[in-house]
Amino acid sequence: MKKLKKIVLFLLIVFVGIQFIPTKRNESSEVLETDFSKTFTVPANIQNTFEKSCYDCHSNNTNYPWYNKIQPISWLLENHIKEGKKEFNFSEFGSYSKRKQKNKLKSLVSQIKDKKMPMQSYTIIHKDAKLSNADKEQIIVWINKLRDDL
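Residues numbered from 1 in each chain as written. Predicted model: local features only at pLDDT ≥ 70, side-chain atom pairs only at ≥ 80, totals over all residues. Heavy atoms only, no water.

Q: Please explain the nonpolar core as it appears in this structure.
A: One finds Phe 36, Phe 50, Trp 142 and Ile 143 to be the most contacted residues of the largest nonpolar core, which totals 21 residues. Looking at this core, the elements that each hand over two or more residues are helix H3 (44–53), helix H6 (98–113) and helix H8 (133–149). In terms of residue count, the dominant contributor to this core is H8 (5 residues). In contact with Phe 36, not counting residues within four places along its chain, are Val 42, Phe 50, Tyr 55, Phe 90, Phe 93, Leu 105, Trp 142 and Leu 146. (Core = buried A, V, L, I, M, F, W, Y, C linked by side-chain atoms within 4.5 Å. Buried < 20%, exposed > 50% of the residue type's maximum accessible area, 1.4 Å probe, protein only. Helix = DSSP H or I, 4+ residues; strand = E, 2+ residues; numbered from the N terminus. Contact = heavy atoms within 4.5 Å.)

Q: What is the right way to look at the packing of H3 against H8 in this model?
A: Two numbers describe a pair of packed helices, the interaxial angle and the distance between the axes. Two elements in contact, H3 and H8, have axes whose closest approach is 10 Å; the angle formed by their N-to-C orientations is 110°. As judged from the angle between their axes, H3 and H8 are roughly perpendicular. In the crossing of H3 with H8, the sense of the turn from one axis to the other is left-handed. Facing H3, whose interface residues are Asn 45, Ile 46, Thr 49 and Phe 50, H8 presents Asp 135, Gln 138, Ile 139, Trp 142 and Ile 143. (Axes fitted to C-alpha atoms, helices over the stretch in contact; angles between N-to-C directions. Parallel < 35°, antiparallel > 145°, perpendicular 65-115°, else oblique. Left-handed = near helix turned anticlockwise from the far one by under 90°.)

Set out below in structure tokens:
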């Protein structure tokens, strides 16, 4: 029993200690000239859907939930955001070459069709980020037209 108490006490001390290790936050109030919404004329409903369902992980400005201040959750979120931005970054989309833009848009359509985006782990907590079938169809049709125009 004493051994169990020591293990629990040790884990509690570690948990409290890691709360003081900061993470780099993905926050910016600036909308870059290379932002997707400035690169293309995006219909308002589609832009709103992107902001609601995609921008937290795929832009340079994340709206953080309250639990982001708790370690190790914060580390996991920051890693997820870093990986998401590496795959597709709405804030820097205009700086991509035309070829890369087409490929990223094709991948986006594929991710939406395959129900991989937005991720289920994200939509469990962010219920308003779920895409309806109508949302998906509007986005896919619009992106395919955009790709054809590039």
